[in-house]
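Listed here are the chains, written in short residue letters.
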Amino acid sequence: METTRKHKVPEMEGLQARWYAKNRGTEPQLARYRRLAAEVTAGLADGAEILEVAPGPGFFAVELAKRGFRVTGLDISHTMVEIARENAAGLEIDFRQGDITHAPFAAESFDFLICQAAFKNFRQPVTALNEMHRVLRPGGFAVIQDLNHEATSADIGREVAGMNVGAVSGFTVRQTLAWLRRRAFTREQFEALAAESAFGACSVTTDGIGLEVRLTR
């Protein structure tokens, strides 16, 4: 039986969500989303169906949709869903409010799933992985990108410097990342979670403050 993580991070709503969205919408960040969209979808068939879990302000989902994919976003924050819909005006992206541990989708609905900067906050990580597995089609795969628990303060400093958010916001972002790092998983912990889930296994790579997990259905 899965152990529920005790300390839940409050969902971002209202002004906090809009502050986060503003800091994620700088040009360096948007350029990063464009590069990443090209990288993670390499080899996907035209028109493939993608689920982004916790899309936040929706910037990455927008880049996926611009590349011709059919995109759905599922976020637990009501405010983030509103912001994402605003940012995706003119594009056919289905942003929904909901919880990945009870995903409101039929089995085998998606070809690809991505979750960025949110997995460390899930209270039931194995249940979340099992739901990701359920909604993927056979042969589909998931990519989870998040903080690495073993990232150093220097790693965080370099990451924030590249965001171009200014001195005051930069300080706040550094403090926030340092706090969130305490909740993040190590490579070994992710491997253990995947082994316990329906996926059975995963591959993990680390780079700077980040950790990327790939899981195949």
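Heads up: these notes are all about the structure in this document.

Reading the values: the criteria
- Residues numbered from 1 in each chain as written.
- Predicted model: local features only at pLDDT ≥ 70, side-chain atom pairs only at ≥ 80, totals over all residues.
- Heavy atoms only, no water.
- Core = buried A, V, L, I, M, F, W, Y, C linked by side-chain atoms within 4.5 Å.
- Buried < 20%, exposed > 50% of the residue type's maximum accessible area, 1.4 Å probe, protein only.
- Helix = DSSP H or I, 4+ residues; strand = E, 2+ residues; numbered from the N terminus.
- Contact = heavy atoms within 4.5 Å.
- Pairing = 2+ DSSP bridges.
- Right-handed = clockwise from strand over helix to strand, strands pointing away.
- Phe/Tyr/Trp six-rings, centres within 6.5 Å; stacked < 30°, edge-to-face > 60°.
- Axes fitted to C-alpha atoms, helices over the stretch in contact; angles between N-to-C directions.

## Describing the nonpolar core
Thought 1: In this structure, Phe119, Phe122, Met132 and Ile144 are the most contacted members of the largest nonpolar core, which totals 29 residues.
Thought 2: Counting only elements with at least two residues in this core, the list comes to strand E1 (49–53), strand E4 (110–116), helix H5 (125–135), strand E5 (136–147), helix H8 (187–196) and strand E7 (210–216).
Thought 3: Ranked by residue count, the leading element in this core is H5, at 5 residues.
Thought 4: Those residues within four positions of Phe119 in sequence are excluded, and the remaining contacts are Pro125, Ala128, Leu129, Met132, Ile144, Asp146, Phe185, Phe190 and Leu193.
Thought 5: With 25 residues, the next largest nonpolar core counts Leu30, Phe95, Ile114 and Val143 among its residues.

## Concerning the pairing of E1
Thought 1: Summarising burial for E1: 4 of the 5 residues are buried, a large majority.
Thought 2: Bridge count between E1 and strand E2 (residues 70–75): 5 bridges; the pairing is parallel. For Glu49, the partnering residue across the bridge sits in E2 and is Arg70.
Thought 3: Taken together, E1, helix H3 (residues 59–66) and E2 constitute a β-α-β crossover, and its handedness is right-handed.
Thought 4: Strand direction decides the pairing type here: E1 and E4, joined by 4 bridges, are parallel. The residue of E4 that forms the bridge with Ile50 is Phe112.

## Some words on the packing of aromatic side chains
Thought 1: Going through the model one piece at a time under the given rule, you end up with 8 aromatic pairs.
Thought 2: When the ring of Phe105 is compared with that of Phe110, the centres are 5.2 Å apart and the planes differ by 90°; the resulting orientation is edge-to-face.
Thought 3: With a relative accessible area of 9%, Phe105 lands in the buried category.
Thought 4: Assessed through its relative accessible area of 4%, Phe110 is described here as buried.
Thought 5: Ring plane angle 45° and centroid distance 4.7 Å describe the contact between Phe112 and Phe141, whose orientation is recorded as tilted. One end of the pair, Phe112, is in strand E4; the other, Phe141, is in strand E5, with 29 residues separating them in the sequence. Here Phe112 matches Phe141 in class, with each residue buried.

## Some thoughts on the sheet that holds E2
Thought 1: Judged by pairing direction, the sheet is mixed, and its 7 strands sit side by side in the order E3-E2-E1-E4-E5-E7-E6 without closing on themselves. This sheet does not close on itself; its edge strands, each paired only once, are strand E3 (93–97) and strand E6 (203–207). Going across the sheet, the axis of each strand differs from the next one's by a mean of 15°, ignoring polarity.
Thought 2: Those strands touched by helix H2 (residues 27–40) are E4, E5 and E7, and its axis lies near 140° from that of E4.
Thought 3: Set on the sheet, H5 makes contact with E1, E4, E5 and E7; between it and E5 the angle comes to about 145°.

## Some thoughts on the pairing of E6
Thought 1: In the sheet, E6 pairs with E7 via 5 bridges, with the strands oriented antiparallel. Counted as the bridge partner of Ser203 is Arg214 from E7.
Thought 2: Here E6 hands over to E7 after 2 residues, with Gly208 in that stretch at a positive phi of 60°.

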